[in-house]
Amino acid sequence: MIIVTRKGVTQDELDHIRERVEALGLRTHLSQGEHRTVIGCVGDEERLQGVALHSIPGVEAVHAVLKPYKLASKEFAAEPTRVPLGEGEVGGAQVAVVAGPCSVEGWDMLLSTARRVRAAGATGLRGGAFKPRTSPYAFRGLGEEGLEMLARVRTESGLPVVTEVMDTRQVEMVASYADVLQIGARNMQNFSLLTEVGRLRRPVLLKRGMAATVNDLLLAAEYVMAQGNPNVILCERGIRTFETATRNTFDVAAIPVLKAETHLPVFADPSHAGGRRALVAPLSYAAVAAGADGLIVEVHPDPEHATSDGDQSLDFQEFDNLMAGLRPFVEAAGRTLAPSTAAAV
Ligand code: PEP
Ligand code: MN
C-alpha cells in the first residue's frame, strides 16, 4: 500500500501518518521527490482496513500495490533512484560504463586496464577476485590479494571498484575494499547472501540469474532492500534458452520492462550475454537504445591470454572503438557519457 501526500504536506503531518501506520505493526518507507511524496507501507495490510486513512491530515490518495515486490516497485518511489558509484552515481542522465577484466590477474594488467578504460570514458572498474567458475579446477581468482590490488588501483586511477562477493562469510571483507558489491547470476537467489549485503548500505550490482524471470530478479532486489539497503542496481546479463549461437540469450526486452516496473537503475552486461567480443558493441548499443542506465563490459590488455572469459573480452583498442560507437546511441537516447580523454593516450 502507498499513501500519496498532499502538496505542501508538513513534517508533523508526515510524522503523524507514519506513526498511525507503524502503530499497526507495518513498516513505512518515505520517498520525497521534487513533485511528490510517497509513504510506502509494508506488512500486513489487512490491519489498515479499519483505518480511515483518507481523513488523516496530509493524505491525498491511497493505492494498493498489487506487485509482490514493494520497495523495488516504481510506485514506492517518488523519483528514479540514483545509486552512488564512487564520487559519481548511476541512474541519472549519464550512462555509466563499468569496464575491466573478468578476473583480477595481477597489478600491471589491472592498472593499465583501469587507466585506459578511464581515458575512454569509463566511470567504474570491474574485476573479480572471487570467481564463480563452472569447473572447480578453473582459475577461481586471487581472493583477498586481488581485492587489495583493486583498492590500490582505485587510488591510482580514481575509478570506483565493482567486484563480486560469493559468500556470506566474505561480505564484510569484500565491502572493506569495494565500492559496489556484485552479486553474480549464480547467486541471485542466494537469499542468505542477499540478506547479508542488505544489512550494509554499500551499493549492490545484482545480476539476473540464468533461469530467473524479471519477477524473480525484482524479488531478489526486494530481499536486499527489505534489510534497509536502498542502493541496488539491476543487471540483465543474458539468460539460458535453447539457443546455442550465443553464450546466453540477451533479453533486451527485460530492460524496458524493468524500467517500467522499478525505480532502480538497470545495467546490461553485453560480455556475458553474447559471449563473443564481436557481439559486445551491438548488444551495448541495443541496451542503451532500450533504456539501460549503464553497461558492465569485460576488457583485458591481452584477451588471448586471459585466465577467464578471454573470448568475450575487448582489448584496449576495441574498447575505445566501443565507446566511440556508443556515443551516438547515448545521445539519441537523450543521455550523456563521461568524456573521453583518449586523445592524450
Ligand atoms: C562476471 O561478471 O564475471 C560474472 C561471473 O558474471 P555472471 O555472474 O553474470 O555470470
Ligand atoms: Mn566474466
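Scroll up to find the structure.
Residues numbered from 1 in each chain as written. Chains lettered and ligands numbered in written order. Predicted model: local features only at pLDDT ≥ 70, side-chain atom pairs only at ≥ 80, totals over all residues. Heavy atoms only, no water.

Enquirer: What am I meant to see in the overall build of the protein here?
Expert: When its secondary structure is counted, the protein shows 10 helices and 14 strands. Its C-alpha atoms give the protein a radius of gyration of 21 Å, within 12% of the compact-globule value 20 Å for 345 residues. Seen through its principal axes, the protein has C-alpha atoms that stretch 65 × 45 × 40 Å. Taken over 345 residues, the protein has a buried fraction of 55%. Taking all contacts inside the protein whose residues are at least 6 apart in sequence as the whole, residues at least 24 apart take part in 70%. For the protein, the accessible area works out to roughly 14900 Å², and carbon and sulfur atoms hold 51% of it. (Helix = DSSP H or I, 4+ residues; strand = E, 2+ residues; numbered from the N terminus. Rg over C-alpha atoms; globule rule 2.2 N^0.38 Å. Buried < 20%, exposed > 50% of the residue type's maximum accessible area, 1.4 Å probe, protein only. Contact = heavy atoms within 4.5 Å. Areas by Shrake-Rupley, 256 points an atom, 1.4 Å probe, with all protein chains shown as cover.)

Enquirer: I'm lost on the site of ligand 1 in this one. Help?
Expert: Near ligand 1, the surroundings consist of Cys102, Arg126, Lys131, Pro132, Gln182, Gly184, Ala185, Arg186, Lys207, Arg237, His272 and Glu298. Between ligand 1 and Lys207, the relevant distance is 2.9 Å, taken from an oxygen atom to a side-chain nitrogen or oxygen of the residue. Separating an oxygen atom of ligand 1 from a side-chain N or O atom of Glu298 is a distance of 3.3 Å. Out of a free accessible area of 300 Å², ligand 1 has 98% covered by protein chains. (Near = heavy atom within 4 Å. Polar contact = N/O pair within 3.5 Å; in protein donor to acceptor, adjacent residues only side chain to side chain.)

Enquirer: Looking at this structure, how should I read the sheet that holds strand β4 (residues 59-63)?
Expert: Judged by pairing direction, the sheet is antiparallel, and its four strands sit side by side in the order β2-β3-β1-β4 without closing on themselves. Each edge of the open sheet carries a strand with a single partner, namely β2 (27-32) and β4. Each neighbouring strand pair of the sheet contributes to a mean axis angle of 20°, computed without reference to strand direction. Pairing of strand β1 (residues 2-5) with strand β3 (residues 37-42), which is carried by three bridges, proceeds in the antiparallel orientation. In the strand pairing of β3, Ile3 is matched with Ile39. Here helix α1 (residues 11-22) sits on the sheet in contact with β1, β2, β3 and β4, set at roughly 155° to β2. (Pairing = 2+ DSSP bridges. Axes fitted to C-alpha atoms, helices over the stretch in contact; angles between N-to-C directions.)

Enquirer: I'm lost on the pairing of strand β10 (residues 180-183) in this one. Help?
Expert: Both faces of the sheet carry side chains from a regular strand, because those side chains alternate between them. Residues Val180 and Gln182 point to one face of β10 and Leu181 and Ile183 to the other, with burial holding for every one of them. Bridge count between β10 and strand β11 (residues 204-207): three bridges; the pairing is parallel. Note that in β11 the partner of Leu181 across the bridge is Val204. With helix α5 (residues 191-199) bridging β10 and its parallel neighbour β11, the resulting β-α-β unit is right-handed. (Right-handed = clockwise from strand over helix to strand, strands pointing away.)

Enquirer: Would you mind going over the coordination of the manganese ion (ligand 2) with me for this structure?
Expert: Between any two of four tetrahedral donors, the ideal angle at the metal is 109.5 degrees; between two of six octahedral donors, it is 90 or 180 degrees. Only Cys102 (SG), His272 (NE2), Glu298 (OE) and Asp309 (OD) from the protein coordinate the manganese ion (ligand 2), and they sit 2.0 to 2.4 Å from it. Sequence positions of the residues that donate to the manganese ion (ligand 2) give the spacing C-x169-H-x25-E-x10-D. Of this pair, His272 sits in helix α8 (residues 270-274) while Asp309 sits in the loop between β14 (294-298) and α10 (316-332), and the two are 37 residues apart along the sequence. Considered together, His272 and Asp309 belong to a single accessibility category, that of buried residues. (Donors = N, O, S within 2.8 Å, 3.2 Å for Na, K, Ca; no water.)

Enquirer: I keep staring at helix α9 (residues 277-289) and nothing clicks. Help me out?
Expert: Within an α-helix, residues lying three or four positions from one another point in the same direction, as the helix has 3.6 residues per turn. Listed as buried for α9 are Val280, Leu283, Ser284, Tyr285, Ala287 and Val288. Close packing links the buried residues of α9 with α7 (254-261), β13 (266-268), α8, β14 and α10. Of the residues trailing α9, Gly291 is marked for its positive phi of about 110°.

Enquirer: Help me understand the packing of aromatic side chains, please; the structure alone is not making it clear to me.
Expert: Each aromatic ring pair is specified by the distance between its two centres and by the angle formed by the two planes. Overall, the coordinates contain two aromatic pairs when judged by the stated rule. With 4.4 Å between their ring centres and 25° between their planes, Phe191 and Tyr223 make a pair best called stacked. With a gap of 32 residues between them, Phe191 in helix α5 and Tyr223 in helix α6 (residues 214-226) connect regions that are remote in the sequence. With relative accessibility at 34%, the residue Phe191 sits in the partly exposed group. Measuring from centroid to centroid gives 4.4 Å for Tyr285 and Phe329, while their planes differ by 10°, and the two rings are stacked. Highlighted residues: Tyr285 in helix α9 and Phe329 in helix α10, separated in sequence by 44 residues. The class of Phe329 is partly exposed, set by a relative accessible area of 35%. Geometry around Trp107 places Arg152 over its ring, the cationic atom sitting 4.1 Å from the centre. (Phe/Tyr/Trp six-rings, centres within 6.5 Å; stacked < 30°, edge-to-face > 60°. Lys NZ or Arg CZ within 6 Å of the ring centre and 35° of its normal.)

Enquirer: Explain the sheet that holds β10 here, please?
Expert: On the basis of which strands lie adjacent, the closed barrel formed by eight strands has the order β7-β8-β9-β10-β11-β12-β13-β14 and parallel pairing. Geometrically, the sheet is characterised by an average inter-axis angle of 25° between neighbouring strands, direction not taken into account. Here strand β8 (residues 124-126) pairs with strand β9 (residues 161-164) via two bridges, running parallel. Within the sheet, the bridge partner assigned to Leu125 lies in β9 and is Val161.

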